[in-house]
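Structural features, examined
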Amino acid sequence: MSLTTPSTVRALPHAEWGRVRQSRRTADKLMRITAAGFTGLAIFVLFWILGMLIVKGLGGLSAATFTQITPGPGSEGGGLANAIVGSVVLTFLGIVVATPIGVLAGTYLAEYGKGSKLADLIRFINDILLSAPSILIGLFVYVIMVEPLGGYSGWAGGVALGIIAIPVIVRTTEDMLRLVPGPLREAGSALGAPPSVVITSITWRAAKSGMVTGILLALARIAGETAPLIFTALNNNFWFSPTLKGGVSNLPVTIYQFASAPYENWQQLAWAGSLIITMSILVLSLIARRIVRGSK
Amino acid sequence: MTAVTDHMTVPGAAPQRKTPKGTFDIVFRNASFLSALFVLVLLAGIMLSMVIGGWPAFREMGIGFITSSVWDTQNDQYGAWPAIVGTLSTAFLALVIGVPLSLGIAVYLTQLAPPWFKQPVSTAIELLAAVPSIIYGMWGLFVFVPLFAAYVQIPLSNIVEGLPIVGTVLYSRSPSGLGILTAGIILAFMIIPFIASITRDMLDQIPSVLRESAYGIGATTWEVVRHVLVPQAGVSIIGAIMLGLGRALGETMAVTFVVGNANRLSASIMDPGSTIASRIANEFNEAMGLQLNALIALGCILFFVTFVVLVIARILVSRVKAY
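Residues numbered from 1 in each chain as written. Chains lettered and ligands numbered in written order. Predicted model: local features only at pLDDT ≥ 70, side-chain atom pairs only at ≥ 80, totals over all residues. Heavy atoms only, no water.

**Some thoughts on the overall build of chain B**
When its secondary structure is counted, chain B shows 13 helices and two strands. Along the first, second and third principal axes, the C-alpha atoms of chain B reach 80 × 65 × 30 Å. Every one of the 323 residues in chain B was classed for burial, and the buried ones make up 57%. Counting 16 positive and 15 negative side-chain charges, chain B places the averaged centre of each group 12 Å from the other. (Helix = DSSP H or I, 4+ residues; strand = E, 2+ residues; numbered from the N terminus. Buried < 20%, exposed > 50% of the residue type's maximum accessible area, 1.4 Å probe, protein only. Lys, Arg positive; Asp, Glu negative; His and termini not counted. Charge placed at Lys NZ, Arg CZ, Asp CG, Glu CD.)

**Some words on the overall build of chain A**
The helix and strand inventory of chain A stands at twelve helices and zero strands. Across chain A, helices and strands are ordered from the amino to the carboxyl terminus as α-α-α-α-α-α-α-α-α-α-α-α. Relative to the compact-globule value of 19 Å for 296 residues, chain A shows a C-alpha radius of gyration of 25 Å, a clear excess of over 25%. Seen through its principal axes, chain A has C-alpha atoms that stretch 80 × 65 × 35 Å. Here chain A holds 296 residues, and 55% of them are scored as buried. In chain A, once contacts between residues fewer than 6 apart in sequence are set aside, the share between residues at least 24 apart is 72%. Accessible surface, chain A as shown: approximately 12600 Å² in total, 68% of it carbon and sulfur. (Rg over C-alpha atoms; globule rule 2.2 N^0.38 Å. Contact = heavy atoms within 4.5 Å. Areas by Shrake-Rupley, 256 points an atom, 1.4 Å probe, with all protein chains shown as cover.)

**Some thoughts on the confidence of the model for chain A**
Put simply, chain A has an average pLDDT of 87, and 92% of its residues get 70 or more. A low-confidence stretch, residues 1-9 of chain A (pLDDT under 50), is modelled with eight contacts involving residues beyond four sequence positions or located in other chains. (pLDDT = per-residue confidence, 0-100.)

**Digging into a nonpolar patch on the surface**
All names here are of chain B. Together, I63, I66, W81 and L265 make up an exposed nonpolar region whose accessible area comes to about 380 Å². Note that W81 resides in helix 4 (residues 81-112). For W81, a relative accessible area of 37% translates into the label partly exposed. (Patch = residues over 30% accessible without salt bridge, like charges linked within 9 Å, V, L, I, M, F, W, Y side chains within 5 Å. Salt bridge = Lys/Arg side-chain N within 4 Å of Asp/Glu carboxyl O.)

**Here we look at the packing of aromatic side chains**
Considering all chains together, one arrives at 21 aromatic pairs over all chains under this definition. Centroid distance F303 of chain B to F307 of chain B: 5.7 Å. Interplanar angle 15 degrees. Geometry classified as stacked. Here F307 of chain B and F303 of chain B lie together in helix 13 (residues 289-317), a separation of four residues that amounts to about one turn. According to the relative accessible area criterion, F303 of chain B is buried, its value standing at 5%. Take F307 of chain B: its relative accessible area is 21%, and that puts it in the partly exposed class. Following the ring pairs from residue to residue traces out a cluster consisting of F44 and W48 of chain A together with W139, F144 and F148 of chain B. Positioned above the aromatic ring of W71 of chain B, the side-chain terminus of R279 of chain B is 4.6 Å from the ring centre. (Phe/Tyr/Trp six-rings, centres within 6.5 Å; stacked < 30°, edge-to-face > 60°. Lys NZ or Arg CZ within 6 Å of the ring centre and 35° of its normal.)

**What about the confidence of the model for chain B?**
Residue and element names in this part refer to chain B. Scored by pLDDT, chain B has a mean of 86; 92% of the residues are at 70 or more. Mean pLDDT in chain B bottoms out at helix 1 (residues 2-6), which sits at 43, and peaks at helix 4, which reaches 93. Counted against residues more than four places away or in other chains, residues 1-9, with its pLDDT under 50, gives 15 contacts. Scored as a whole, the predicted complex attains pTM 0.87, and scored at its interfaces, ipTM 0.86.

**Things to note about the interface of chain B and chain A**
Accessible area lost upon the coming together of the parts serves often as the stated size of an interface. Taken together, the contacts link 97 residues of chain B with 95 residues of chain A. Taken together, both faces of the contact between chain B and chain A bury some 8600 Å²; the carbon and sulfur share is 76%. A salt bridge links R289 of chain A to E126 of chain B; its shortest N-O distance comes to 2.2 Å. Counting the contacts that link chain B with chain A gives ten residue pairs in polar contact (both at pLDDT 80 or more). Those elements giving two or more residues to the side of chain B that touches chain A turn out to be helix 2 (22-61), helix 4, helix 5 (115-130), helix 6 (133-160), helix 10 (221-250), helix 11 (253-258), helix 12 (276-283) and helix 13 of chain B. Among the elements that line the side of chain B that touches chain A, the one with the most residues is helix 2 of chain B, at 19 residues. For the side of chain B that touches chain A, the residue count by class is 67 nonpolar, 20 polar and ten charged. (Buried area = accessible area lost by both parts, 1.4 Å probe. Polar contact = N/O pair within 3.5 Å; in protein donor to acceptor, adjacent residues only side chain to side chain. Nonpolar A, V, L, I, M, F, W, Y, C, P; charged D, E, K, R; others polar.)

**A word on the environment of P133 of chain A**
When you line up the elements, P133 of chain A lands in the loop between helix 4 (117-130) and helix 5 (134-149). C-alpha of P133 of chain A to C-alpha of G113 of chain A: the two residues are 20 residues apart in sequence and 27 Å apart in space. Once residues lying within four places of it in the same chain are set aside, the contact partners of P133 of chain A are G250 and T306 of chain B.

**Remarks on the nonpolar core**
If you look at the biggest cluster of nonpolar residues, it comprises 194 residues, and the most contacted ones within it are I49 of chain A together with F65, Y136, I280, F284 and L298 of chain B. Ranked by the residues each element gives to this core, the list is headed by helix 13 of chain B, at 16 residues. Residues in contact with F284 of chain B, not counting those within four places in the same chain, are L139, Y142 and F231 of chain A together with L292, L295 and I296 of chain B. (Core = buried A, V, L, I, M, F, W, Y, C linked by side-chain atoms within 4.5 Å.)

**Here's the deal with unusual backbone geometry**
One non-glycine residue, L234 of chain A, adopts positive backbone phi at about 50 degrees. Position of L234 of chain A relative to the elements: it lies in the loop between helix 10 (227-230) and helix 11 (251-259). Phi is positive for D76 of chain B, which is not a glycine, with a value near 55 degrees. Tracing the chain through its elements places D76 of chain B in the loop between strand 1 (71-72) and strand 2 (77-78).

Encoded structure:
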């Protein structure tokens, strides 16, 4: 029996004198090949998607994409300027809504709520909201804001995105505050600082980069959300009004509406928009990841 | 309010002495307590708004709302059955395809990958989760669907035509590439990063003494995975899978692009169908009156199904990294 040691093995090499049955060896080899193959497949799909975006999106990308507004049905040319600005505004609104609530709630869970049953429940519910379908949050905001206020608005869109962002920020804030060593807090308390001062000027400061990461991750999470915006901010093909009443143009819903439209310039713009939005989100996630790794 | 928060003070953590900054202290504590409560209010609000918004449809249709297959906007008759079946079957197919892939990836990352390779591969897998849902939809509709129709649906239909059972389940009457199975495949790739990264974290947490002792008595890597690691991490792996299920059930945009949006039940997984989320996304902006209530009632069903799945998932996984 020839003993070949697979080159990819990191585990202990097989003992030369071992009597390993062939079937065991085959099963092991099969598992290694399958596991590596599955990993390769997932990575292949990621690069396939990115490749598709670059090939199809780069062609539609031009200066006009950033300077002109979305074209009406049947008209020539056009760009995504209003959709890009709208997306930035909605995402920014979402983060503005979510950051104070998320950071304070995470602070409560990490600092005040230790050992309390209520805090445990809130933490559990927050974890559930973290993976709740975003379409339900869109429906929720439709019922509480769009219907009573009589129409789609950017405010409703911002609130919907904010609600999606809150659980992300709560979770990362709490996790990051928990990494701050207790003696730091005790040192602050020993100097006579009340808990609020200990938290704001010692704990928060120590966990700053981690908390910023949470906000970046939330940003990446909501920037590409489409489903909740269909029910709240909708979309339009013009510059939205400064009061954010009525439909507010945004990239994801524009992509959704333009992608399967019969006009070629619409399809081109949908691809260009997809490239812009995906690359921004991937860059955001990579930055957030780098900060986490840097702080560890 | 003070009375409520007072008993939650952690003994020892806060100095009991009054300080000049007392007011700010109380305001800060109450603000953070209220923010935390807001998380509970959110969930209750979502639940209430779904029940109240959907109530007229439930009242009008009764139990028929769940069991009926009619979705007739002209006569205001609404039944959710095809959408419920579509949601469950796409999610089930996503698990059937996604779970083995995710477990393979987790095993590769924790046991097989050379150390320098681990980080980039992990990042790539996690980036799959960062790609927006709508981009999966675009990829599915414009790249995957034509290939799937030409190289899987058409040849497969020719083979299975007329055979018992497989001839029904795998035969596509109109091989357009759209359908329940296509949605399941796209969903599988969307849930892989969640299941794989939680499983990876779970496997990493298992004390290496266990692995080493198994290797020490001559076990192969496969045997260590099968007999040591999987039994150790078993419950949390099931939790991770349930978490993936929760994602798959409520996924909207990608499914809306590729599921075909047909309101009929078909025995074949190659035929177009619809899911709860895709139905809502498709019809919501044109819906009025009872149809609107029926769509919110669909959302209500989706809410309760995902809620139960996610509660079980979170109990099983208890505390892992957030995504």
